[in-house]
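Each chain, letter by letter, is given below.
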Amino acid sequence: MTVKEYLLDKMKNGTLHLALLDPDKQTSEEAGKLAYKIKEAGTDAIMIGGSTGITNENLSSTAKAIKASSGLPTIYFPGGPNALSSDVDSIFFMSMVNSADPFFVIKAQASAAIYIKKLKIESISLGYIIIEPGMKVGEVGKADLIKRDEIEKAVGYALACEMLGMDFVYLEAGSGAGMPVPPNMISAVKKAISIPLIIGGGIRTPEAARAAREAGANAIVTGTFIEKCSDDTTLRSVVNASKGVL
Ligand code: 1GP
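Conventions we followed
Residue positions within a chain follow its written sequence, with the count starting from 1. pLDDT decides what is reported in this predicted model: residues at 70 or higher carry local features, side-chain atom pairs at 80 or more are listed and counted, and totals for whole chains, interfaces and linings draw on all residues regardless. Heavy atoms from the whole structure form the basis of all side-chain values; hydrogens and water molecules are not counted. Proximity is defined per residue: any heavy atom of the residue falling within 4 Å of a molecule or strand makes that residue near it. Polar contact is defined as a pair of N or O atoms within 3.5 Å, subject to the rule that within protein one atom must be able to donate a hydrogen and the other to accept it, and that residues adjacent in sequence are counted only when both atoms are side-chain atoms. Shrake-Rupley sampling with a 1.4 Å probe provides the accessible areas, and residues are treated as covered by the protein chains on show and by no other component. Under the scheme applied, nonpolar residues are Ala, Val, Leu, Ile, Met, Phe, Trp, Tyr, Cys and Pro; charged residues are Asp, Glu, Lys and Arg; polar residues are all the others, including Gly. In this scheme, a residue with accessible area under 20% of its type's maximum is buried, one over 50% is exposed, and one in between is partly exposed, where area comes from a 1.4 Å probe on protein chains only. Secondary structure is summarised from DSSP: a helix means a run of H or I of at least four residues, a strand means a run of E of at least two, and numbering begins at the N terminus for each. The pairing criterion is simple: DSSP has to find at least two bridges between the two strands. The handedness rule is simple: strands pointing away from the viewer, and a clockwise path from the first strand over the helix to the second, make the crossover right-handed.

Neighbouring residues of the ligand: 13 residues in total, closest Glu 172, Ser 175, Gly 176, Gly 223 and Thr 224. With respect to the ligand, the side chain of Ser 175 contributes an N or O atom lying 2.6 Å from an oxygen atom. At 2.7 Å from an oxygen atom of the ligand is found a main-chain nitrogen or oxygen belonging to Gly 176. With the chains in place, 96% of the 310 Å² that the ligand exposes on its own is no longer accessible. Classifying every residue of the shell around the ligand gives four nonpolar, eight polar and one charged.

As a further point, take the pairing of strand β2 (residues 45–48). Residues of β2 alternate between two faces, with Ala 45 and Met 47 on one and Ile 46 and Ile 48 on the opposite face, all of them buried. Pairing between strand β1 (residues 16–21) and β2: four bridges, direction parallel. Across the sheet, residue Leu 21 finds its bridge partner in β2, namely Ile 48. Both β2 and strand β3 (residues 74–76) contribute to a ladder of three bridges, which runs parallel. In the strand pairing of β3, Met 47 is matched with Ile 75. Assessed by its sense of winding, the connection that carries the chain from β2 through helix α3 (residues 56–70) to β3 is right-handed.

What follows is the structure, given as structure tokens:
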């Protein structure tokens, strides 16, 4: 089964929780330990990535450590075309569709595609839409940020991603965002598209995770929260709220 099939299959039963680990933020050994902990809490897959500081080496060692400790599917979540490793199970082959710079829309992808094919890495296409505040990824990717009340604009971009044949849409408020993507935007986008919707950025409480799930998210991503949370019960409460597990 491919990672895409695994995700789609699991989504039939409800919202997924995806954990994001940044190879630049901890050693691979620590990433392995975190992956085990988050797997025990019930997460469904691990995304590996960050906006800066990712190298072939730290990507590879982190992917191997995560796989060895958790056995969960891994998905590379690239910040650019400068690092790649065949130690990941799959890659979100993503376009930041609301970037003002064609590099992040299609040029980076054009330079990476040939290597992804050579390494035979499963690619899962993803339309990546940055909502304010956007944080570092919005800045690095020169995003033409969608404001929190520009619902129709978000719907338009998401629908365009679906009509371009992408597998998933990801609404991103940016890692560490003070406020996650607003629930009314999530529900409007969800109503408009028929491909799965991933939500991330600034989700660090059970309430925020529940609000995103109830608004229609098919998968909820948390990164910063996992890196900072030292208490297993709190960790589990956010994963459970993402998945709708009581
Ligand atoms: C970033 O949406 C993800 O791409 C995760 O954001 O670090 O705020 O959880 P957080």
